[in-house]
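Observations on the model geometry
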Amino acid sequence: MWGGNDYGQVGIGSTDNQDKPVKVLENVKEFRFPDDRNPLCAAVTKDGSLYMWGSDSHGRLANGQLGSKQLTPYKVEFDRKDTKVANVYFPSDGVSKNGVAITTDGELYLWGTNSYNEINSSNSMYVTVPTRLLTNVESFTVYRGTCAAIEKSGALWLWGNNTYGIAGKIRTQSVVSPEEAVHILDGVKEVHLSYENGVAVRKNGTLWIWGYGRRRGQRTVDSPAADFTGGRNCRIL
């Protein structure tokens with residue numbers, strides 16, 4: 001790595017800028033920068049270890065501290081010592097300041113902001129260590145605090161920000177904690193979230209939509225699996 005290093009993002013143990021490449025880690029198979037321009041770095045090595053360094057004010061360094069600088073790569077500790085990370089990423093919607101890791105055996109870990117109970121139902125705004133939420137996870141996405149996980153079986157689970165019923169609960173419930181996660185559909189192969197709607201494509205080629213909609217006065221469709229009034233069920237061509 002090289003370049004600006006005010007926050008230790010080059011990972012050399014100091015904040016001196018670097019005009020030439022410096023080796024920081026070996027055996028790296030995946031590297032991530034957040035898209036929100038925070039000086040934070042993450043790397044997954046071939047043995048499944050996750051390393052973080054740089055600076056972040058939302059707990060995404062996963063080192064148990066908030067607003068700290070990590071000047072050299074720090075090996076993230078998980079609740080199980082044999083945890084092997086398959087991939088890591090940072091949401092890019094500008095609101096969800098989370099770190100996300102999925103392990104080689106399908107366990108889902110989150111850390112960072114907890115404004116909408118994305119991680120737990122505590123009153124804490126931030127969670128600074130990885131928290132295991134689900135197992136057997138195939139894929140995960142989060143958008144503006146709404147979380148969606150697809151299990152390897154195709155089951156789709158929702159929780160977090162429930163504006164317009166997007167997390168699958170009646171709209172009077174503003175947030176859904178992971179403990180209350182809603183199993184909304186089965187046989188799902190992909191899911192997409194926006195501020196107002198959720199969209200899922202099932203393995204049989206049908207498209208399911210829920211959340212905000214203006215149709216005959218109905219404002220919210222919160223459960224496409226149980227009641228699809230006001231929605232659409234379309235076959236993908």
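Description of the structure in this document. (Residues numbered from 1 in each chain as written. Predicted model: local features only at pLDDT ≥ 70, side-chain atom pairs only at ≥ 80, totals over all residues. Heavy atoms only, no water.)

Some thoughts on the environment of P34
Looking at where P34 falls in the secondary structure, it is placed in the loop between β1 (28-32) and β2 (40-45). Separated by 26 residues in the primary sequence, P34 and R60 place their C-alpha atoms 9.8 Å from one another. Non-local contacts of P34, meaning those with residues more than four positions away in its chain, are made with L40, R60 and F90. (Helix = DSSP H or I, 4+ residues; strand = E, 2+ residues; numbered from the N terminus. Contact = heavy atoms within 4.5 Å.)

Notes on the pattern of salt bridges
Counted under the stated rule, the structure contains eight salt bridges. A salt bridge links R80 to D82, with the shortest nitrogen-to-oxygen separation between them at 4.0 Å. One salt bridge in this structure joins R132 and E107, with 3.5 Å as the shortest N-O distance. In this pair, R132 is assigned in strand β8 (residues 126-134) and E107 in the loop between β6 (98-103) and β7 (108-113), connecting sequence segments 25 residues apart. Of the residues examined, E107 reaches a relative accessible area of 6% and is grouped as buried. When salt bridges with common partners are traced through the structure, they connect D79, R80, D82, D105, E107 and R132 into a single cluster. (Salt bridge = Lys/Arg side-chain N within 4 Å of Asp/Glu carboxyl O. Buried < 20%, exposed > 50% of the residue type's maximum accessible area, 1.4 Å probe, protein only.)

Notes on the sheet that holds strand β4 (residues 69-75)
Taken in spatial order, the four strands of this open sheet run β1-β2-β3-β4, and their pairing is antiparallel. A strand with exactly one partner marks an edge of an open sheet, and here the two such strands are β1 and β4. On average, adjacent strands in this sheet sit at an angle of 10° to one another, irrespective of strand direction. (Pairing = 2+ DSSP bridges. Axes fitted to C-alpha atoms, helices over the stretch in contact; angles between N-to-C directions.)

Overview of the sheet that holds β7
Here four strands make up an open sheet; going across it, the order is β5-β6-β7-β8 and the pairing antiparallel. In the strand order of this sheet, the two ends are held by β5 (85-89) and β8, each with one partner. Mean inter-strand twist for the sheet, computed between neighbouring axes without regard to direction, equals 20°. Summarising the sheet, β6 and β7 pair through five bridges and their orientation is antiparallel. If you follow G99 over to β7, its bridge partner there is W111.

Some thoughts on the nonpolar core
In this structure, L108, L110, F140, L156, W159 and W210 are the most contacted members of the largest nonpolar core, which totals 31 residues. If you tally residues by element for this core, the top one is strand β10 (residues 146-151), at four residues. In this structure, L50, F78, F90 and Y109 belong to the second largest nonpolar core, which totals 15 residues. (Core = buried A, V, L, I, M, F, W, Y, C linked by side-chain atoms within 4.5 Å.)

With respect to the side chain of T128
Along the polypeptide, T128 turns up in strand β8. In this structure, T128 is in contact with G59, A62, N63, G64, Q65 and L66, ignoring residues within four places of it in sequence.

Some thoughts on unusual backbone geometry
At A62, a residue that is not glycine, the phi angle is positive and equals roughly 60°. Note on placement: A62 falls in the loop between β3 (50-55) and β4.

With respect to a nonpolar patch on the surface
The grouping of V28, F31 and F33 at the surface amounts to a nonpolar patch, some 250 Å² of accessible area in total. Position of F31 among the secondary structure elements: in strand β1. The class of F31 is partly exposed, set by a relative accessible area of 34%. (Patch = residues over 30% accessible without salt bridge, like charges linked within 9 Å, V, L, I, M, F, W, Y side chains within 5 Å. Areas by Shrake-Rupley, 256 points an atom, 1.4 Å probe, with all protein chains shown as cover.)

What to know about the packing of aromatic side chains
If you walk through the whole model with that rule in mind, you get six aromatic pairs. Aromatic side chains F31 and F33 sit 5.1 Å apart centroid to centroid with 80° between the ring planes, which places their arrangement in the edge-to-face category. Every member of this aromatic cluster is reached through a ring pair, and the members are F31, F33 and W53. (Phe/Tyr/Trp six-rings, centres within 6.5 Å; stacked < 30°, edge-to-face > 60°.)

Things to note about the side chain of T113
Within the secondary structure, T113 sits in strand β7. Exposure remark for T113: the relative accessible area of 6% places this residue in the buried category.

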